[in-house]
Structures are given as structure tokens and as C-alpha cells.
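# Residue-level structural notes
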Amino acid sequence: MTTLLAPERASLSRLHAPTLCTLTDAVAENLHRVRAVTTVPIMAVVKADGYGHGAVTVARAAVAAGAEWLGVTDVAEAVMLREAGLTVPILSWLNPSGIDAEAAAVHRVDIAVGSVEELGQLIADAADPLRVHLQLDTGMTRGGCPLDEWPELFRRARLGRGRIEVVGVMGHLPRADEGDPAANAAAVLRMRQGRDAVLRAGLGPVLVHLAATSGALTDPATHFGMVRIGAGLVGIDPSETTALVGASRWTAPVVHSALVPAGTAVGYGAAHLTDRETHLSVVGVGYADGIPRELASGAGVEIDGVRHPIVGRVSMDQIVVDTGSAHLPRGAVATVFGPGGGAVPSVQEWARWAGTIPHTVVTGIGTRVQRSVA
Ligand SMILES: *Cc1c(COP(=O)(O)O)cnc(C)c1O
């Protein structure tokens, strides 16, 4: 360790920084796999910074591969995509910081509204006509206008004509990840009822869209006029029915490796004792970088083609890996997750080890981790 601190070595000791590399070919491949199961246009959903993979990076890859729309949850995200040169239609729903009607008009961002109150506010704010999608609650009870308020929503939308133009109607499926069309039947019926009521109110024609990744992959009855694909683009199929390709590789350096005797305590709480003489290698990522702290045993990383177990508690900035007989040089590269299988863990494995879903793994990667694109 002392040699590492010597000034003459410092300039020689640059390591491979912890890096999340987004794999744009995988995004394209995933888009093609969705395309193969549907005839309708595809909206690439790039909210939450493209599920942690970089909103602009994923959006560009998806559009280059044929995605017709982009979806986000805030007008500011949409503006960022426009400023990056993306010209396809963009829809923003949820809008938790409110709707900047002027920015939406200037940057041609469609807005989804999910309540009478939100629609009223938007109509009041709209100086230039805005393209609006009416979001109906199709069974989620989390967003979207509840069924008993649909007539009032449609009445307001009609009155707001000139300031807003209703161009779409959307819903969301609460149970599509079950992969069973029967679980979607009630929502599909609601969506049809909503579409028909919108048309009866004289608000058509409208683009109808309901399905996200699971619905798109498992139930054609949910496709309507467009499907909205987020998780699927980055290789996550919540229904676990379709093989998709992991769209990122997370690597981090070994910062230290040492031979220790049997019975050596590792990390906070001495939660692990080595059961034999072995090498322990410290990898420079921890829970502040998105390594889940609550890992089941069996969690590991890949180094030089071998899966090595993580031992002891996850620290804020580091994990310790038992590399057995392998003494690793400082700077050896560990792969936390990536596509490709073999010794390289997948995001899905990390989700199992942490008792969570793959989405939280990829959206939880910290800002300290550098981003790159391949
Ligand atoms: C996030 C989101 C999607 C995308 O869902 P995935 O399962 O990630 O494809 C689609 N629609 C809405 C309303 C969403 O919030």
C-alpha cells in the first residue's frame, strides 16, 4: 500500500474509472424484437435518464432503429431531447413540476393530462395551441382520470378547443407483467370505452395507446395505435417471456488485492470470516454508486472471465470480492453487470440478489459512475 502513496507512482496509477457503458446496438436489437411482435408505431420511453442509460443516448439509438415517438415524464426532459436534435413527436406525461405550456408549444411537445383540474390549468395557460393526450385511469388508480370524471374531462376538452387539440387518449396496464391476457381484459375494455366516449364527444380522431413493454410483448389486444417501450429498450422484460439484450456494461477497478489467512474478518460488522487462506480484492464501487446494500449470498462480479463472490457488507464506496487463488493487479477490471452471460452477471441476477426488480438496479446507478457509449 505504501508504494501506492509514493508521489512518483501517483501519476502512473490511473485506473479504469467506474463506468457504465451504454450499448446502443443492444438498444437497437431490443427495438427490433418489439417491432417483430407488433404492427403499430413504437414510442421509446426514455424517462429517468433513459432508465439510467442516458436519455439522449437511448433516444438516438431507438429512433435510428425506427422508433416513431419518444416519451418522457417532464417537459424539461423533452426539451433536452429536442436540443439534442431529436425531431420525432414527443409526449410528456405526469409532469411533476407542472407544465411549462410555452416550452411545450415552442418545442412541439405533446402533453398528457390525467385530471379535470390539470386539463383546466393547461387550457388556462396555453397561449399557443397545445397537442393533448387524455390519460384515463384504466385500472391503475395511480394516474389518469377516474372513470366517473371522464364526462367532465371530455366536456372541458371540447370547450378548450382552439387552445388545446386532443390528439390522443392513453391508459396504462396494471398487471401486464403477469404475461396473461386475461389480466389485461378489464383495462382493454376501459380503453375501448374511453376511446369511444372521446369520439362521441367529437374529439377525434385520436391516437390510442395503452401498452408498455409487457403488454407489447405478451398481448396484442393491448396494442391499439401505439406501444410505449421503456424497460424493453434497455433489456428488461417485466413479463420475463422474451429474451432481450442487456444494454449496458458496468465496470469498476480492483483497487487493492491481498492474500489473507483463514478466519480473517471482512468489512463492517465483521459480517464475513474467510473460511480458508484466500485473496480478497477491493472493487471501487459501493452503495453510493448503486450497488444494493441488501444482497443475498451468491452475489458476485466477473473478473478475467471468472465469477467471484462478494463477501462482507457492501460499503458506501467499495465491495470486497473473494478471488481465491487469484492475486489481481491493482487496476484489474471487474464487471458488475453486462450482457453476454457466462461469468458476467446480468441486471436480472442483481435484482434477484437484492430482492428487487431490474428497473431499480439500472435507475439507481450513482452520478459518480462515469458514463460512456459504445
Ligand atoms: C414508464 C412508463 C412506460 C414504459 O413502461 P415499461 O414497462 O418500462 O416499458 C409506459 N407508459 C407509462 C405511462 C409509463 O409511465
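See above for the structure.
In this report, the structure presented in the accompanying data block is examined. Predicted, not measured: the structure shown is a model, and the values here were computed from it.

The next thing to look at is the overall build of the protein. A count of helical and extended segments in the protein gives 13 helices and 18 strands. For the C-alpha atoms alone, the extent of the protein along its principal axes is close to 80 × 45 × 35 Å. For the protein, the residues scored as buried account for 52% of the 374 residues in total. Here the protein carries 30 positive and 36 negative side-chain charges, and the mean point of each set is 3 Å from the other.

On to the site of the ligand. Lining the immediate surroundings of the ligand are Lys-47, Tyr-51, Trp-93, Met-170, His-172, Ala-212, Thr-213, Arg-228, Ile-229, Gly-230 and Ala-231. Within the contact set of the ligand, an oxygen atom lies 2.5 Å away from a side-chain nitrogen or oxygen of Thr-213. One nitrogen or oxygen atom from the main chain of Ala-231 is found 2.7 Å from an oxygen atom belonging to the ligand. Looking at the shell around the ligand, the elements with two or more residues in it are helix H4 (47–51) and strand S9 (227–229). When the residues that make up the shell around the ligand are grouped by side-chain class, the tally is 6 nonpolar, 3 polar and 2 charged.

Using the criterion set out here, one finds 3 aromatic pairs in the structure. Ring plane angle 75° and centroid distance 5.6 Å describe the contact between Trp-250 and Phe-337, whose orientation is recorded as edge-to-face. Here Trp-250, found in strand S10 (residues 248–260), pairs with Phe-337, found in strand S17 (residues 333–337); they are 87 residues apart in sequence, far enough to count as distant. For Trp-250, a relative accessible area of 1% translates into the label buried. Overall, the relative accessible area of 0% leaves Phe-337 in the buried class. When the ring centre of Trp-93 is taken as reference, the NZ or CZ atom of Arg-228 above it lies at 6.0 Å.

Burial of the side chains of strand S2 (residues 42–45) extends over both faces: Ile-42 and Ala-44 are buried on one face and Met-43 and Val-45 on the other. Where S2 and S9 come together, 3 bridges link them in parallel fashion. Opposite Ile-42, over in S9, you have Val-227 as the bridge partner. Here S2 pairs with strand S3 (residues 69–72) via 3 bridges, running parallel. Bridged to Ala-44 within S3 is Leu-70.

Turning our eyes to something else, we now look at the pattern of salt bridges. Enumeration according to the criterion identifies 13 salt bridges in this entry. A salt bridge links Arg-195 to Asp-196; its shortest N-O distance comes to 3.1 Å. Take Arg-195: its relative accessible area is 26%, and that puts it in the partly exposed class. For Asp-196, a relative accessible area of 32% gives the class partly exposed. Here Asp-289 makes a salt bridge to Arg-368, at a shortest N to O gap of 2.8 Å. Taken together, the residues span a long stretch of sequence, with Asp-289 in the loop between strand S13 (278–283) and strand S14 (300–303) and Arg-368 in the loop between helix H13 (358–363) and strand S18 (370–373) at a distance of 79 residues. On the accessibility criterion, Asp-289 (3% relative accessible area) is buried.

What counts, and at which threshold
- Residues numbered from 1 in each chain as written.
- Predicted model: local features only at pLDDT ≥ 70, side-chain atom pairs only at ≥ 80, totals over all residues.
- Heavy atoms only, no water.
- Helix = DSSP H or I, 4+ residues; strand = E, 2+ residues; numbered from the N terminus.
- Buried < 20%, exposed > 50% of the residue type's maximum accessible area, 1.4 Å probe, protein only.
- Lys, Arg positive; Asp, Glu negative; His and termini not counted.
- Charge placed at Lys NZ, Arg CZ, Asp CG, Glu CD.
- Near = heavy atom within 4 Å.
- Polar contact = N/O pair within 3.5 Å; in protein donor to acceptor, adjacent residues only side chain to side chain.
- Nonpolar A, V, L, I, M, F, W, Y, C, P; charged D, E, K, R; others polar.
- Phe/Tyr/Trp six-rings, centres within 6.5 Å; stacked < 30°, edge-to-face > 60°.
- Lys NZ or Arg CZ within 6 Å of the ring centre and 35° of its normal.
- Pairing = 2+ DSSP bridges.
- Salt bridge = Lys/Arg side-chain N within 4 Å of Asp/Glu carboxyl O.

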